[in-house]
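# Tertiary structure, described
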Amino acid sequence: TMQMPPNSVVPIAANERVVFFSDAHLGNDNSPQSQGRTERVCSFLESLPGRVEVVIILGDLFDFYFEYRSVVPARYLRVLSSLEALTRAGVRTYYVAGNHDFWLGRLFTDTLGITVEPDALLLDREGEKNCRVLASHGDGLGEGDTGYKILKMMLRNPLLIGAFKLIHPDWGYAIASLTSRTSRKHTSRHQNKRVEASARVGQALLESGHNLNTVILAHTHTPDDRSFESGRYMNTGDWCNHFSWIEWTGPDQFTIKYYPDSNNEKS
């Protein structure tokens, strides 16, 4: 049986509207295309107050994020400001770390008012007996990929994080962008395999005996929606090509939407 990733339980009120999105990989270069993507993500975030009550970022909003004690990366000021406006407007915002941005620090919790979760969230919609949703980035779940799992443990090691803080921020971000480019080349070659592997992980979690009725993952950059006997698996897709997100408005009311054309949707 597949083990559940470590998670925090989040109660969702019966009438609350929830948005899940992920994988914008902001700030990977200074090209007009990259800047346009940032603007699109920000305008999406700014459109949410009054329309939804809860926002869940399922990782890799940034192509690389590392928080130094007294330095905020200039390339992210625009999106950090949009996130602050979101929480200031009273939208409860959660950030589940991905594989590019698990070094989130106090800025998110103390300044931006965002709840940061390293692995997964378990969402319980109140008033519904069987409405449990597991939401996670999805990297390193399931069988195999042992090398990546070991790397993930190492990269989250406090000693390594302390050592990285000693590097000048400009150098730190330069090293990160090199490794990120290499990682992208590797994963794009295995795209179909990743999509199917993620669906298998979703199905295994639904069958794991934890009374889940929906599993929402990210990481593959491909929106997905599949029904199994044991429940529903969905994937948020990405904001590099699809500009997709999932909206959850009631017990089994999940919809994949696309920005800005939210009429182009699949329920």
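Above this text sits the structure in question.
Residues numbered from 1 in each chain as written. Predicted model: local features only at pLDDT ≥ 70, side-chain atom pairs only at ≥ 80, totals over all residues. Heavy atoms only, no water.

The subject of this paragraph is the pairing of strand β7 (residues 132-136). Within a regular beta strand, the side chains point alternately toward one face of the sheet and then the other, so they alternate between its two faces. Burial runs high along β7: four of the five residues are buried. Sheet topology places strand β6 (residues 120-125) next to β7; five bridges connect them, and they run antiparallel. In the sheet register, A120 faces β7, and the bridge partner there is S136. Both β7 and strand β8 (residues 214-217) contribute to a ladder of three bridges, which runs parallel. Residue pairing across strands places A135 opposite I216, the latter belonging to β8. (Buried < 20%, exposed > 50% of the residue type's maximum accessible area, 1.4 Å probe, protein only. Helix = DSSP H or I, 4+ residues; strand = E, 2+ residues; numbered from the N terminus. Pairing = 2+ DSSP bridges.)

At the junction of Y259 and P260, the peptide bond is cis and its omega measures out at 0° in the coordinates. One can find P260 in the segment after β12 (253-258). Positive phi, close to 50°, is recorded for H25, a residue that is not glycine. Relative to the helices and strands, H25 is located in the loop between β2 (18-21) and α1 (32-46). Classification of H25 by relative accessible area gives buried; the value is 5%.

Note on helix geometry: an α-helix contains 3.6 residues per turn, so any two residues three or four positions apart are oriented the same way. In this model α1 runs 21 Å from its N-terminal to its C-terminal C-alpha over 15 residues, within 8% of the 21 Å that 1.5 Å per residue would give. Of all the residues in α1, the buried ones are S34, R37, T38, V41, C42, F44 and L45. Looking straight down α1, one finds that the buried residues subtend no more than 160° of arc, so they occupy a single side. Opposite its buried face, α1 presents the exposed residues P32 and Q33, each directed more than 90 degrees away. In this fold, the buried residues of α1 make contact with β2, α2 (77-88) and β11 (244-250). (Expected span 1.5 Å × (residues − 1). Arc of directions from axis to C-beta. Contact = heavy atoms within 4.5 Å.)

To continue, consider the side chain of S22. Take S22: it is sitting in the loop between β2 and α1. Its relative accessible area of 1% is what places S22 among the buried residues. Among the polar contacts listed, one links the side chain of S22 to the side chain of D23, at a separation of 2.6 Å. Sequence-distant contacts of S22, defined by excluding residues within four places in its chain, comprise L58, G59, A218, T236, G237, D238 and W239. (Polar contact = N/O pair within 3.5 Å; in protein donor to acceptor, adjacent residues only side chain to side chain.)

Pairing is mixed in the open sheet, where six strands are placed in the order β5-β4-β3-β2-β11-β12. The open sheet is flanked by β5 (115-117) and β12, the only strands paired with a single partner. The sheet shows a mean angle of 20° between the axes of neighbouring strands, taken without regard to direction. Bridge analysis of β2 against strand β3 (residues 54-57) gives four bridges, and the strand direction is parallel. Its bridge partner lying in β3, F21 is registered against I57. (Axes fitted to C-alpha atoms, helices over the stretch in contact; angles between N-to-C directions.)

Here the focus is the packing of aromatic side chains. Ring pairs (aromatic) are described by centroid distance and by the angle formed between their planes. Enumeration over the complete set of coordinates arrives at 14 aromatic pairs. Judged by centre distance (6.0 Å) and plane angle (70°), the ring pair of F21 and W239 falls under edge-to-face. Residue F21 is found in strand β2, and its partner W239 is found in the loop between β10 (231-236) and β11; the two are separated by 218 residues along the sequence. Both residues of the pair, F21 and W239, belong to the buried class. An aromatic cluster is built from F21, F44, W239, F243, W245 and Y259, whose rings are joined through pairwise contacts. Over the aromatic face of W248 sits the side chain of R125, whose NZ or CZ is 4.2 Å from the ring centroid. (Phe/Tyr/Trp six-rings, centres within 6.5 Å; stacked < 30°, edge-to-face > 60°. Lys NZ or Arg CZ within 6 Å of the ring centre and 35° of its normal.)

Taken together, the six strands give an open sheet; going across it, the order is β1-β6-β7-β8-β10-β9, and neighbouring strands pair in mixed fashion. Two strands lie at the open edges of the sheet, namely β1 (7-12) and β9 (223-228), each paired on one side alone. The mean inter-strand angle of the sheet, taken between neighbouring strand axes irrespective of direction, is 15°. Direction of pairing for β8 relative to β10: parallel, over a ladder of four bridges. Bridge pairing links V215 to Y233 in β10.

Here V133 shows up in strand β7. On a C-alpha basis, the gap between V133 and N213 in space is 6.3 Å, while along the polypeptide they are 80 residues apart. If we skip the residues at most four places from it in the chain, V133 touches L121, L122, L123, N213, T214, I216, W248 and F254.

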